[in-house]
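# Architecture and fold: a report
Each chain, written out:
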Amino acid sequence: MRLTLHVWRQKKSGDKGAFETHKVENISADSSFLEMLDVLNEEILEKGGEPVAFDHDCREGICGTCGMVVNGMAHGPQALTTTCQLHMRKFKDGDELWIEPWRAKAFPVLRDLVVDRGAFDRIIQAGGFISAKSGSAPDANEILVGKTVADQAMDAAACIGCGACVAACPNASAMLFTAAKITHLGVLPQGQPERDDRARNMVAQMDAEGFGGCTNHGECAEVCPKGISLETIARMNRDFLKAMVIAREPLAARTGG
Amino acid sequence: MELRDNAPSGPIETAWDRHRFDIKLVNPANKRKFEVIVVGTGLAGAAAAATFGELGYRVRSFCYQDSPRRAHSIAAQGGINAAKNYSGDGDSIYRLFYDTVKGGDYRSRERNVYRLAQVSVNIIDQAVAQGVPFAREYGGLLDNRSFGGAQVSRTFYARGQTGQQLLLGAYQALERQIGAGTVTMHPRTEMLELIVVDGQARGIVTRDMVTGKIEAHLAHAVVLATGGYGNLFYLSTNAKGCNVTAGWRAHRKGAFFANPCYTQIHPTCIPVSGEHQSKLTLMSESLRNDGRVWVPKNKDDVGKKPGQIAKEDRDYYLERKYPAFGNLVPRDIASRNAKEVCDAGRGVGPGGLGVYLDFADAIERLGQKAIEERYGNLFEMYERITDEDPYQVPMRIYPAVHYTMGGLWVDYNLMSNLPGLFVLGEANFSDHGANRLGASALMQGLADGYFVAPYTIGNYLWTERTDQKPVTADHPEVKKALAEVEERTQRFLSINGKRSPDSFHRELGKLMWEKCGMARNEAGLKEAQARIPALRAEFWENLRVPGSGADLNQSLEKAGRVADFLELAELFATDALHRRESCGGHFREESQTPEGEALRDDDSFRYVAAWEFNGVGKAPVLHKEDLEFEHVKLTQRSYK
Ligand SMILES: Cc1cc2nc3c(=O)[nH]c(=O)nc-3n(C[C@H](O)[C@H](O)[C@H](O)COP(=O)(O)OP(=O)(O)OC[C@H]3O[C@@H](n4cnc5c(N)ncnc54)[C@H](O)[C@@H]3O)c2cc1C
Ligand code: FES
């Protein structure tokens, strides 16, 4: 295949970036999108340039490291697919592709297609856990979890934290990411004691990071490579409201520990 | 130097309990006086850092990814073993211990393995308490499956994403400690050197992968949980960033590297599709529970569509050769048999490097729905990569490098021969001997991190507290380590040759796969020994790393990793050459039974080979730890 690529180049955070155009040839339809970029990078290096920086690690769609906007779509045109699992056979010979980083205030660009998603970790820090010290747990089968509930938790826990939801949202909202974690832990019996604190503190952190609000566009779920459902957001909103009503302590007072 | 395992003597069943009672504890008020560095945030590192934080130590945690949650453990699919005997099918701690020693072809340390089997049960409790959504039965109890050659159902799983869910559990525990201020997290930070003062590991030198800042971090002990080095072969199932740098830098500073040649080649991976290939994708071996492996009986049929080959013209070679275990033989055996049929010209798909894994019978027996339930996400992944629908046509699979049993040598306390350097998870030479059983790596990583190191490190810190002098940034050893990293970085940037780090990596990987891969022989290993130094010399003359060291530079990161692989490769070949026996994943063609199975030589090789660094290109020094077997009887492994 031959392709024309317009790739976002930006030396560092704060710089004004721009698209740079490259043509690549002899791309195998069986190669993945990132393997196509590998070929581009080898060529750039050969010609004395600096390769395009992009994040990736597992290349199996599970670590959530990769992510770029391809022709306006987070992770490209194939549903339920991360960029690393997208294959070139989904494109046509001669296609023109625009490749950009996730764009969101809370995800500053570090270089080219690489962004800083540290905000996601800080949302988890605020309450995305069940406090269970190593060695303190009762026998695993003493906690019964019905299959339906376990499946529901697993559906939400499948989130890979890639940030496509934020990139796709017109408000750059992190609702789907946050809601997935609140749902995963909130439906399980083990997650009940901290459920209110979790909802309050995670939502507060999400706002503090500068993510936008949700105005029900649904783009997030549309691009989510793991099919996290919008119902998680409805659930989070319920948990959050309930937690605010019964709040007895100031926000973020009971994190960590 | 005599290598001492420091394992307690006496009855094996109570060894760990007695050891925990005998070793020193640090009282809670004193814990915060100690600083611990943990490199790596996979299952082993995240579990350790979180637990150290909970205990009250001051912890600094490092990973090269942008978030600790992305460590390679995230990719594990199939499951985690534990001797819970929830299935009531005769499992026990002793059986898991026995299976693991036997599966490792009698090349692991009994006492470590026994402890691993013991604490396996605590891991499941811990994970469930954290909210890990393991598969459940309708009654709400945990579900188990049988996995990779085990005759009992002891594997816990969370769909095809067990590693992800276990890692998220450990990551969330870690984030909780970061929020509480006990752990400081340094993501996108690569360890490039170990700092050794007075013979003890006292810190590391890192490079900030965004700003390029090179910095020293000092502590009372250093824990490496930096994963395996399967990417030595370039193509493997490991994440692209997996590397040996942390372990190799420690090796150069005196830590012994044990059994480097023990590599696990996983039988069920998607075959290579072309030159562009950048990594290989594993299809969980749980698929072998329901899939049947076959190739055409006749060479002439390999070009035909699988549906056109009649049942009687198919060779279900694993079922034929190993009637008791069938498609569930251990990984090394399944892999070698695949290679054998492909070498005989009966392989299918591009280049004849593939065998079928066929679900047609299972679909007929159980219905498509049941198969979808079990393997839906794996089938989808397969289709996405190959463009073939495994519900309609059999999968094509081929072995690929997957896991490295070798690693830094550690004693029973998981401490290397360098005092103060602890090594956990896949990075150590571990409990798997010459071959790891499926679903046992997750178990070992979490056992090391949650339940072993937190005790043994306390013992070290308290015992050494009076001897350890404070080390500050102006200590000559610290300055030396910093200078080493600065110089190396500048050297990469200034060679200005013609070839990219990736091109060297690919070439090295191909050489390793061909000469040190699934089957090894003296001539091939000697050839590798001769060719590796030449490639390394070219690397240092003809490498091109564009850009600068002062910002995000992925070529520079790769160059550092490839440089270390080029040194490890030689040690790997040396180890494989010296071990003139076959055992587990190490198959020496010169040493096989009349039926072509791996033939051990217990009289000559019943030891751990721990290598001491002696300079680049110089012959390393071999230290042997003899292995004693009091409980498990050494037999020729047989899965017939
Ligand atoms: C595709 C796949 C599937 C698997 N499935 C299973 C399974 O079903 N069951 C099972 O038991 N095992 C499985 N395994 C094996 C298992 O996943 C690994 O052995 C295990 O997760 C390793 O964990 P770890 O904590 O030792 O290291 P890793 O998870 O590899 O973590 C290494 C950490 O070290 C960091 N690091 C490395 N080098 C540096 C450096 N120089 N500086 C800073 N940080 C560094 C990384 O950032 C990372 O955080 C699978 C492996 C693969 C590849
Ligand atoms: S690289 Fe891991 S999800 Fe794409």
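The rules behind these values
- Residues numbered from 1 in each chain as written.
- Chains lettered and ligands numbered in written order.
- Predicted model: local features only at pLDDT ≥ 70, side-chain atom pairs only at ≥ 80, totals over all residues.
- Heavy atoms only, no water.
- Domains from an automatic or database assignment.
- Buried area = accessible area lost by both parts, 1.4 Å probe.
- Salt bridge = Lys/Arg side-chain N within 4 Å of Asp/Glu carboxyl O.
- Polar contact = N/O pair within 3.5 Å; in protein donor to acceptor, adjacent residues only side chain to side chain.
- Helix = DSSP H or I, 4+ residues; strand = E, 2+ residues; numbered from the N terminus.
- Pairing = 2+ DSSP bridges.
- Contact = heavy atoms within 4.5 Å.
- Axes fitted to C-alpha atoms, helices over the stretch in contact; angles between N-to-C directions.
- Buried < 20%, exposed > 50% of the residue type's maximum accessible area, 1.4 Å probe, protein only.
- Phe/Tyr/Trp six-rings, centres within 6.5 Å; stacked < 30°, edge-to-face > 60°.
- Lys NZ or Arg CZ within 6 Å of the ring centre and 35° of its normal.
- Nonpolar A, V, L, I, M, F, W, Y, C, P; charged D, E, K, R; others polar.
- Core = buried A, V, L, I, M, F, W, Y, C linked by side-chain atoms within 4.5 Å.
- Near = heavy atom within 4 Å.
- Areas by Shrake-Rupley, 256 points an atom, 1.4 Å probe, with all protein chains shown as cover.

## Some points on the domain arrangement of chain B
Residues and elements named next belong to chain B. Along its sequence, chain B is organised into domain 1 (267-401) and domain 2 (476-604). Computed from C-alpha coordinates alone, the two centres of domain 1 and domain 2 are separated by 31 Å. Each partner contributes to the roughly 840 Å² buried at the junction of domain 1 and domain 2, and carbon and sulfur atoms together form 56% of this total. Of all residues in domain 1, Asp332, Arg336 and Lys339 bury the most surface against domain 2, accounting for 51% of the area lost on that side. Put simply, domain 1 and domain 2 have 0 salt bridges between them. For the interface between domain 1 and domain 2, the tally reads 4 residue pairs in polar contact (both at pLDDT 80 or more). Broken down by secondary-structure element, the contributors of at least two residues to the side of domain 1 that touches domain 2 are helix H9 (331-343) and strand S15 (395-404). Here the side of domain 1 that touches domain 2 gets 5 residues from one element, more than from any other, and that element is H9.

## Let's talk about the sheet that holds strand S19 (residues 621-626) of chain B
Residues and elements named next belong to chain B. Ordered in space as S16-S10-S18-S19, the 4 strands form an open sheet in which the pairing is antiparallel. Every interior strand has two partners, whereas the edge strands, strand S16 (407-408) and S19, have only one. One ladder, built from 2 bridges, connects strand S10 (residues 257-258) with strand S18 (residues 607-612); its direction is antiparallel. Across the sheet, Phe257 pairs through a bridge with Trp611, a residue of S18. Where helix H16 (residues 554-578) meets the sheet, it contacts S10, S18 and S19, and its direction lies at approximately 145 degrees from that of S18.

## Quick look at the pairing of strand S6 (residues 189-197) of chain B
Residue and element names in this part refer to chain B. For S6, a buried count of 9 out of 9 residues is recorded, marking the element as mostly surrounded by other parts of the structure. The sheet contact formed by S6 and strand S7 (residues 200-208) spans 8 bridges and is antiparallel. Looking across to S7, one finds that Leu194 is bridged to Ile204. In this antiparallel pair of consecutive strands, S6 and S7, the connection spans 2 residues, and Asp198 shows a positive phi of 50 degrees.

## Regarding the packing of aromatic side chains
A full pass over the atoms with the stated rule returns 35 aromatic pairs over all chains. Geometrically, the ring pair formed by Tyr229 of chain B and Phe257 of chain B is edge-to-face, given 5.5 Å between the ring centres and 70 degrees between the ring planes. A residue pair is termed long-range when its members are at least 10 positions apart, and Tyr229 of chain B in the loop between strand S9 (221-224) and helix H7 (245-252) and Phe257 of chain B in strand S10 qualify at 28 residues. Pair check on accessibility: Tyr229 of chain B and Phe257 of chain B agree, each one buried. Three or more aromatic residues joined by ring pairs form one cluster here, namely Phe107, Phe120, Phe177 and Phe211 of chain A. In this structure, Arg115 of chain B packs its charged tip against the face of Trp16 of chain B, placed 4.7 Å from the ring centre. Over the face of the ring belonging to Tyr412 of chain B we find Arg115 of chain B, whose NZ or CZ atom lies 4.1 Å from the ring centre.

## Things to note about the interface of chain A and chain B
Between chain A and chain B, the contact holds 80 residues from the first and 78 residues from the second. Viewed at the interface, chain B and chain A are joined by 51 residue pairs in polar contact (both at pLDDT 80 or more). Residue assignment for the side of chain A that touches chain B shows that the elements contributing at least two residues are helix H1 (33-46), strand S6 (109-111), strand S7 (114-115), helix H2 (118-125), helix H3 (147-157) and helix H5 (175-187) of chain A. In terms of residue count, H3 of chain A provides more of the side of chain A that touches chain B than any other element does, 7 residues in total. In the side of chain A that touches chain B, the residues fall into 34 nonpolar, 24 polar and 22 charged.

## A closer look at the side chain of Thr593 of chain B
The residue Thr593 of chain B is located in the loop between H16 and helix H17 (602-605) in this model. Contacts of Thr593 of chain B, omitting those with residues within four sequence positions, involve Ala598, Leu599 and Gln636 of chain B.

## Focus: the nonpolar core
Counting residues in hydrophobic clusters, the biggest one holds 232 residues, and the most contacted among them are Phe211 of chain A together with Phe52, Ile80, Phe134, Leu194, Leu224 and Leu421 of chain B. Counting residues per element, this core draws most heavily on H16 of chain B, which supplies 13 residues. Residue contacts for Phe211 of chain A: discarding those within four places in its chain leaves Ala106, Phe107, Ala119, Phe120, Ile123, Val166, Ala172, Ser173, Ala174 and Met206 of chain A. Among the nonpolar cores identified, the runner-up in size contains 25 residues, and Leu3, Leu34, Met36 and Cys66 of chain A belong to it.

## Some remarks on the side chain of Arg200 of chain A
Residue position: Arg200 of chain A is located in helix H6 (residues 195-208). A polar side-chain atom of Arg200 of chain A sits 2.5 Å from a polar atom in the side chain of Asp197 of chain A.

## Quick look at the site of ligand 1
Residues and elements named next belong to chain B. Near ligand 1 you find 38 residues, and of these Gln65, Ser73, Gly78, Met191 and Glu426 are the closest. Within the side chain of Gln65, a nitrogen or oxygen atom sits 2.5 Å from an oxygen atom of ligand 1. Gly79 is positioned with one of its backbone polar atoms (N or O) 2.9 Å from a nitrogen atom of ligand 1. Surface burial for ligand 1 is 98%, taken as the share of its 1000 Å² of free accessible area covered by protein chains.

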